[in-house]
Amino acid sequence: MVLFEIVYPNKFASKFFFVVFVIYFSILMALRYRVGGDTLAYMSSYSYIPTLDKLELQDLLYTISDPLYVLLCSISKSIHPSFYVFQIIHSIILNVSLSVFLMRYSKMLLFSFVLFLFSNYLYFSTEILRESLAVCVFLFAFKYLFNRMYLKYYLCCIVAFGFHVSAIILFFIPLYMSFNIKTKLYINMLFFLFLLLLKDVVFDFFVQNVLPVNIASKRSIIEEDQEKTLNWIIGSLIRQVIIPLVFVFIYRKVLRKTSWLDDVIILYVFLGIGSVFYQTIFYRFSNYIILFYMLLLSNLFYDIFVVRNRCLFSFLCVSVFVLFFLCLSWRNHMSDYSFIKNGFIRYQIWYPYYSIFDEQMSANREIYIYRRLWLTYLLYCLYIMRVVIWFNVWIL
């Protein structure tokens, strides 16, 4: 389908199959039963959220950082106490937002969707339910940012922040976007040098005075980070910094075109630089921009292959590129999580798939998730104890 869209473009056919794919995956995600890692944690917390008629202000401030998520859960629970209702509503919001955004800005709907499907779709649909809602608000608000209607944009930012605290990055995007592309590149370079020179100082202080050092290992659930070997750093720089810059270079220098996406991708590079040094924080921020990256890639392929009618070349290049994404996705999904449960591979978070009509449970997935939750709780308690001890020592 994707290759057909590139070699023999047809807007009606693209839209038709795009809508079919979106509806299919929307239903698949809406009707899942205990599929996804964090989904099980959300299901557990959902039972403590009251219905709308019993909802009070203290309930909205239950977690402080996501009152609108609590409100949405309360509305869902008022319709029916089952978590399935929230899953259906969440799936509709996510996929409608995604569809509207791609239909508005993408030159190749199917290709854009497939790229997102391989990279982040399951993650957005089953893992980061709160943040994905904030991302949906940002996708809606982007038209206001694009047209410099800042009052409406910032109102949407407040709504997004009500779903997840990571949306705080959205308040600073207009300032960053106000600079020209050369200034952005200089800012990125200075940011990289700053983190390169001061990262160890900041990190050492944080670890020695705040984190429980004895458990702050490369597989710590709270840190959600990896041991940053030289290979890991080089790989991250290539994937999140160099490759996006190469695509921007092709657009501006080879095709001699300018696109508003260039500025957004430079922001993605900025966040990519931050992810190299502080993965947990900046990777979260990158979730708001990742869809624009997929958009740039699909539009780039359209401008190179469809407009210039290089059918054979487009077939070969797209095949190689899709293969690259499949390999990257395969490697990510084959990550070994034996440190939590022996023999557990990451793809088992989503497979096997069970629907609400049969309500079967995967024993491996259940054991993995609950061990991870307990480990997270333990690390969090130790973290709080360390902070309290450090604060008392600092006061004295």
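Parameters and conventions
Residues numbered from 1 in each chain as written. Predicted model: local features only at pLDDT ≥ 70, side-chain atom pairs only at ≥ 80, totals over all residues. Heavy atoms only, no water. Salt bridge = Lys/Arg side-chain N within 4 Å of Asp/Glu carboxyl O. Helix = DSSP H or I, 4+ residues; strand = E, 2+ residues; numbered from the N terminus. Buried < 20%, exposed > 50% of the residue type's maximum accessible area, 1.4 Å probe, protein only. Contact = heavy atoms within 4.5 Å. Phe/Tyr/Trp six-rings, centres within 6.5 Å; stacked < 30°, edge-to-face > 60°. Lys NZ or Arg CZ within 6 Å of the ring centre and 35° of its normal. Axes fitted to C-alpha atoms, helices over the stretch in contact; angles between N-to-C directions. Parallel < 35°, antiparallel > 145°, perpendicular 65-115°, else oblique. Nonpolar A, V, L, I, M, F, W, Y, C, P; charged D, E, K, R; others polar.

Trainee: It is not clear to me how the pattern of salt bridges should be interpreted in this structure. Could you clarify?
Mentor: Counting across every chain of the model gives 3 salt bridges. Asp66 is the partner of Arg130 in a salt bridge, and the nearest nitrogen-oxygen pair spans 2.7 Å. Of this pair, Arg130 sits in helix α8 (residues 129–146) while Asp66 sits in the loop between α4 (57–60) and α5 (67–79), and the two are 64 residues apart along the sequence. Put simply, Asp263 and Lys184 hold a salt bridge, and the shortest N to O gap is 3.3 Å. Note that Asp263 is positioned in helix α13 (residues 260–277) and Lys184 in helix α11 (residues 181–209), a separation of 79 residues in sequence. Under the relative-accessibility criterion, Asp263 is labelled partly exposed at 22%. Classification of Lys184 by relative accessible area gives buried; the value is 0%.

Trainee: What should I look at first to understand the environment of Ile242 in this one?
Mentor: As for its placement among the helices and strands, Ile242 is situated in helix α12 (residues 230–254). For Ile242, a relative accessible area of 44% puts it in the partly exposed group. Once the C-alpha coordinates of Ile242 and Val269 are considered, the two residues, 27 residues apart in sequence, prove to be 8.2 Å apart.

Trainee: Mind showing me how you'd approach the environment of Leu237 here?
Mentor: Its location among the elements puts Leu237 in helix α12. In this structure the C-alpha to C-alpha distance between Leu237 and Ser275, which are 38 residues apart in sequence, comes to 9.2 Å. If sequence neighbours within four positions are ignored, Leu237 has contacts with Phe192, Ile242 and Val276.

Trainee: How do you make sense of the packing of aromatic side chains when you look at a structure like this?
Mentor: Aromatic ring pairs are reported here in terms of the distance separating the ring centres and the angle at which the planes meet. Within this structure, the stated rule accounts for 37 aromatic pairs. Here the aromatic rings of Phe18 and Phe113 are separated by 5.8 Å at their centres, their planes lie at 90°, and the arrangement is edge-to-face. Of the two residues, Phe18 sits in helix α2 (residues 11–30) while Phe113 sits in helix α7 (residues 109–127), which places them 95 residues apart along the sequence. The exposure classification of Phe18 matches that of Phe113, with both residues buried. Lys77 extends its terminal NZ or CZ atom over the ring of Tyr46, reaching a point 5.5 Å from the ring centre.

Trainee: Help me understand the packing of α7 against α8 in this model?
Mentor: When two helices pack together, their arrangement is given by the angle between the helix axes and the distance between those axes. Put simply, α7 and α8 touch, their axes get as near as 6 Å, and they point 110° apart. When the interaxial angle is binned, α7 and α8 end up roughly perpendicular. Every residue of α8 that contacts α7 at Phe124, Ser125, Thr126 and Glu127 is listed here: Leu129, Ser132 and Val135. The class makeup of the residues in the contact of α7 with α8 is 3 nonpolar, 3 polar and 1 charged.

Trainee: Before we go on, may I ask you to explain the side chain of Ser91 in this structure?
Mentor: If you trace the backbone, Ser91 turns up in helix α6 (residues 83–105). Overall, the relative accessible area of 4% leaves Ser91 in the buried class. Discounting residues that sit within four places of it in the chain, Ser91 has contacts with Ser26, Met29 and Ala30.

These values are about where atoms sit, not about what they do.
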